[in-house]
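# Commentary on secondary and tertiary structure
Listed here are the chains, written in short residue letters.
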Amino acid sequence: MKKENLKQYEMPLMIISIAIILFLTAMLTIFPDQSNALANDIFQILTRTFCSPMVLISVIITTLFIGLALSKYGNIRLGTGKPEFSTFSWLAMIFFCVNGAGTMYWAFIEWPNLYLAAPQLNGVAISDDFALEMSTALNLYNWGPNALVWLLIFNVPFAYWYYVKKENTLQLSAICAHGLPKKMQSPILSKVIDFVFIFSVVGSIAITAGSAASTVGIAIAKVIGIEYKFTIAFLVLFITALIFSLSSFVGIDKGMKNLCDKNVYVVMFILVVMLVAGNGKFMIDQVTNSFSIMADNWFRILLWTDPVTQNYYPQDWTVFYFIYNLVFAPLTAVFATKISRGRTIRELTFGSIGACALGIFCLHGFIGTYGQSLLLDGTLDIVSMVANGDTAHVASEVMLTLPLPKIMLAIYCICTIVFLASTLDASAFSLAAASSKKLAAGAEPNKFIKMVWCIVLIGIPTGIAFAGTNTNTLKSFVLAFGVPLILLIAVCYRGVFADLKEHYSCKTKEEIMLEGYDAEMLQQYKEMREKQVSPELYEYTQIGKKK
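Computed from a predicted model, the values in this text were never measured in an experiment.

### Overview of the overall build of the protein chain
- Helix and strand counts for the protein chain come out as 24 helices and zero strands.
- Counting over 547 residues, the protein chain shows a buried share of 56%.
- When the accessible surface of the protein chain is split by element, carbon and sulfur atoms take 65% of a total near 22,100 Å².

Structure, rendered in structure tokens:
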């Protein structure tokens, strides 16, 4: 890359951020006991000390998130004209970016962890049978809409300033600047905010990539019939690197879009095989039953702090997922923004949360209940495996109970690697976009910068796995960056609401809709209005249409 071109990117920020991340990772490896003790203290403070504020904040941001989409401001179109991608491809990319390979890991082991936790919602111990029912309901709740709001909360501010106000940058500091008082704005604060973004992305991906690589590595070893070694996990990361580096190089339309489209069908195939080969009736009944449990206990779980019995389920699970999802939120926002040109704020909000919730309910619902059916008929004691810390082998053992076991296990490996490649591709894209001082709508970040981040995103989890760094300790340090992100939510939305009040408060819903129409859409709208078709019905007909 030419020297003059380097000035277009935040090279000092990139170098310093990577250096700090490597230093912190090295300290975690060199001083494991001290790091683990400090990490536990951080976790306790974040989840147990601030439990009540966190659940109350969750109610506030959920109301904010949904309320904005349902208001007249939900009609604001992000860019002019029709959507860039078909609805199917758009939702698939959002789902795979948001959920990633961690979903294919936790879908198998989340419910047994919840079964062992056996939360006492009513203050009394529950039976094993009801604990099994509760484990499915809580599984879907912890990964459902309430938690997803934390994951998607930055989408609207990023998309609004990028498309509507034509702010040609996707740096978190630039988005926050609109909500900060002028006295607080400074170059140093901007760099700190951007470092929070970079660390949250790289740290969270290091955790996801590490767990996925070991799980897939074990599965590959079982398919081939050899003993699992670190070299297999390294091979998984190397193959993943090749896939997502190629995808990053060719761009979203030819790369990630095609990966995600195809992987949707692979996931559906796995779920169908489980339903047909397993106890399909039990699986469907258990998922249906879990919705009734969630409906009965929705607000109880949402605001539950367990102040008397103090078993710490709300702190260690519900609040943990809020913060964990928030750490991924800036990454999600950058990528969702780049693929959502032509969508409205309402589409971005409900499309994102709907696609992610549906995917989670299917994956965690049916993979989880298939595992429960294996427990009940005595085929595989997954609960004991998890209780004994053998979580990395659960997915492989479950897949080996299906017809043509090694073929199904190989398909699982391919599916998870594509999941991981999609997440890493989105991460490299987001980091490269955030490292660009300017990035016009429709443009992609520099391919060299994307490749640098590709190397970092693969190199750090590989080094962590090789050095034997405790990923749970790393996870606690990454979670600590959720605290400033909570403050930045308020800052971002302060700027958005101030601008909405100034430029849109006096406009009608129809006027807001028309602002985002191109010439073709305006002509179609005029023709439909002459036929006395309502504006809302015309808007509905545009959903899913692409250029």
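Read on, since the account is not over.
### With respect to the packing of helix 7 (residues 145–152) against helix 14 (residues 313–338)
- Where helix 7 contacts helix 14, the two axes come as close as 6 Å, and the packing angle between them is 40°. Taken together, the axes of helix 7 and helix 14 lie oblique to each other. Residues Asn146, Ala147, Leu148, Trp150, Leu151 and Leu152 of helix 7 lie in contact with helix 14, whose contacting residues are Phe322, Asn325, Leu326, Phe328, Ala329 and Thr332.
- Taken together, the residues of the contact of helix 7 with helix 14 sort by class into nine nonpolar, three polar and no charged.

### Describing a nonpolar patch on the surface
- Taken together, the side chains of Phe230, Phe234, Leu235, Phe238, Ile239 and Leu242 make up a nonpolar region of the molecular surface, amounting to roughly 530 Å² of accessible area.
- Position of Leu242 relative to the elements: it lies in helix 11 (residues 230–250).

### Here's the deal with the pattern of salt bridges
- Applying the stated criterion to the full structure yields six salt bridges.
- Asp316 is the partner of Arg48 in a salt bridge, and the nearest nitrogen-oxygen pair spans 2.9 Å. Of this pair, Arg48 sits in helix 3 (residues 32–49) while Asp316 is found in helix 14, placing the two residues 268 residues apart along the sequence.
- Its relative accessible area of 27% is what places Arg48 among the partly exposed residues.

### Looking at the environment of Glu515
- With respect to the element layout, Glu515 can be found in helix 22 (residues 509–515).
- Not counting residues within four places of it along the chain, the set of residues in contact with Glu515 comprises Tyr504 and Lys507.

### Brief notes about the packing of aromatic side chains
- Tallied over the full model, the rule gives 19 aromatic pairs.
- Judged by centre distance (5.3 Å) and plane angle (85°), the rings of Tyr105 and Trp106 are edge-to-face.
- Residue classification places Tyr105 among the buried positions, given a relative accessible area of 13%.
- An angle of 40° between the planes, with centres 6.5 Å apart, marks the rings of Trp317 and Tyr321 as tilted.

### Brief notes about helix 13 (residues 280–302)
- The terminal C-alpha atoms of helix 13, which comprises 23 residues, lie 30 Å apart, in line with the 33 Å expected from a rise of 1.5 Å per residue.
- Of all the bends in helix 13, the largest measures some 55° and sits at Asp296.

### Quick notes on the state of the cysteines
- Counting across every chain of the model gives zero disulfides.
- In this model Cys413 remains outside any disulfide bridge; the closest cysteine sulfur is found in Cys415, 10.0 Å from its own.

### Section: the packing of helix 4 (residues 51–70) against helix 15 (residues 345–376)
- It is the contact of helix 4 with helix 15, at a shortest axis distance of 8 Å, that shows an interaxial angle of 130°. One element, helix 4, and the other, helix 15, form an angle in the oblique class. Crossing geometry of helix 4 relative to helix 15 is assigned as left-handed. When helix 4 is examined against helix 15, the residues Phe65, Ile66, Ala69 and Leu70 are found in contact with a partner set consisting of Arg346, Thr349, Phe350 and Ile353.
- Taken together, the residues of the contact of helix 4 with helix 15 sort by class into six nonpolar, one polar and one charged.

### A short note on the layout of surface pockets
- Within this model, the second largest pocket holds a volume of roughly 400 Å³.
- Looking at the second largest pocket, it is lined by 16 residues, and the ones nearest its centre are Phe95, Val264, Met268, Leu358 and Gly359.
- Broken down by secondary-structure element, the contributors of at least two residues to the lining of the second largest pocket are helix 5 (87–117), helix 12 (256–277) and helix 15.
- Here the lining of the second largest pocket gets six residues from one element, more than from any other, and that element is helix 12.
- Split into classes, the residues belonging to the lining of the second largest pocket amount to 15 nonpolar, one polar and no charged.

### Some points on the environment of Leu121
- Here Leu121 is to be found in the loop between helix 5 and helix 6 (128–142).
- Taking the C-alpha atoms as reference, Leu121 lies 8.0 Å from Arg300; in sequence the two are 179 residues apart.
- Not counting chain neighbours up to four residues away, the residues in contact with Leu121 comprise Met134, Asn297, Arg300, Ile301 and Trp304.

### Remarks on unusual backbone geometry
- Even without being glycine, Lys166 reaches a positive phi, approximately 55°.
- Tracing the chain through its elements places Lys166 in the loop between helix 8 (155–164) and helix 9 (172–177).
- At Tyr312, a residue that is not glycine, the phi angle is positive and equals roughly 65°.
- You can call Tyr312 partly exposed: its relative accessible area is 28%.

### Here we look at the side chain of Thr169
- Counting through the fold element by element, Thr169 comes out in the loop between helix 8 and helix 9.
- Within the structure, Thr169 has its side chain in polar contact with the backbone nitrogen of Gln171 (distance 3.3 Å).
- When near neighbours in sequence (up to four residues on either side) are disregarded, Thr169 contacts Tyr162, Ala174, Ile175, Ser436, Lys437 and Leu439.

### Some thoughts on the environment of Ala395
- Structurally, Ala395 is set in helix 17 (residues 394–399).
- Along the sequence, Ala395 and Tyr105 sit 290 residues apart, while their C-alpha atoms lie 7.1 Å from each other.
- In contact with Ala395, not counting residues within four places along its chain, are Phe108, Thr215 and Tyr412.

Calculation rules
Residues numbered from 1 in each chain as written. Predicted model: local features only at pLDDT ≥ 70, side-chain atom pairs only at ≥ 80, totals over all residues. Heavy atoms only, no water. Helix = DSSP H or I, 4+ residues; strand = E, 2+ residues; numbered from the N terminus. Buried < 20%, exposed > 50% of the residue type's maximum accessible area, 1.4 Å probe, protein only. Areas by Shrake-Rupley, 256 points an atom, 1.4 Å probe, with all protein chains shown as cover. Axes fitted to C-alpha atoms, helices over the stretch in contact; angles between N-to-C directions. Parallel < 35°, antiparallel > 145°, perpendicular 65-115°, else oblique. Contact = heavy atoms within 4.5 Å. Nonpolar A, V, L, I, M, F, W, Y, C, P; charged D, E, K, R; others polar. Patch = residues over 30% accessible without salt bridge, like charges linked within 9 Å, V, L, I, M, F, W, Y side chains within 5 Å. Salt bridge = Lys/Arg side-chain N within 4 Å of Asp/Glu carboxyl O. Phe/Tyr/Trp six-rings, centres within 6.5 Å; stacked < 30°, edge-to-face > 60°. Expected span 1.5 Å × (residues − 1). Bend = angle between axes of the 7 residues up to and from the residue. Disulfide = S-S within 2.5 Å. Left-handed = near helix turned anticlockwise from the far one by under 90°. 1 Å grid on protein atoms, 1.4 Å probe; cavity = no way out; pocket = protein on both sides within 12 Å on 5 of 7 lines; lining within 4 Å. Points joined across faces, edges and corners; volume = space filled by probe spheres on them. Polar contact = N/O pair within 3.5 Å; in protein donor to acceptor, adjacent residues only side chain to side chain.

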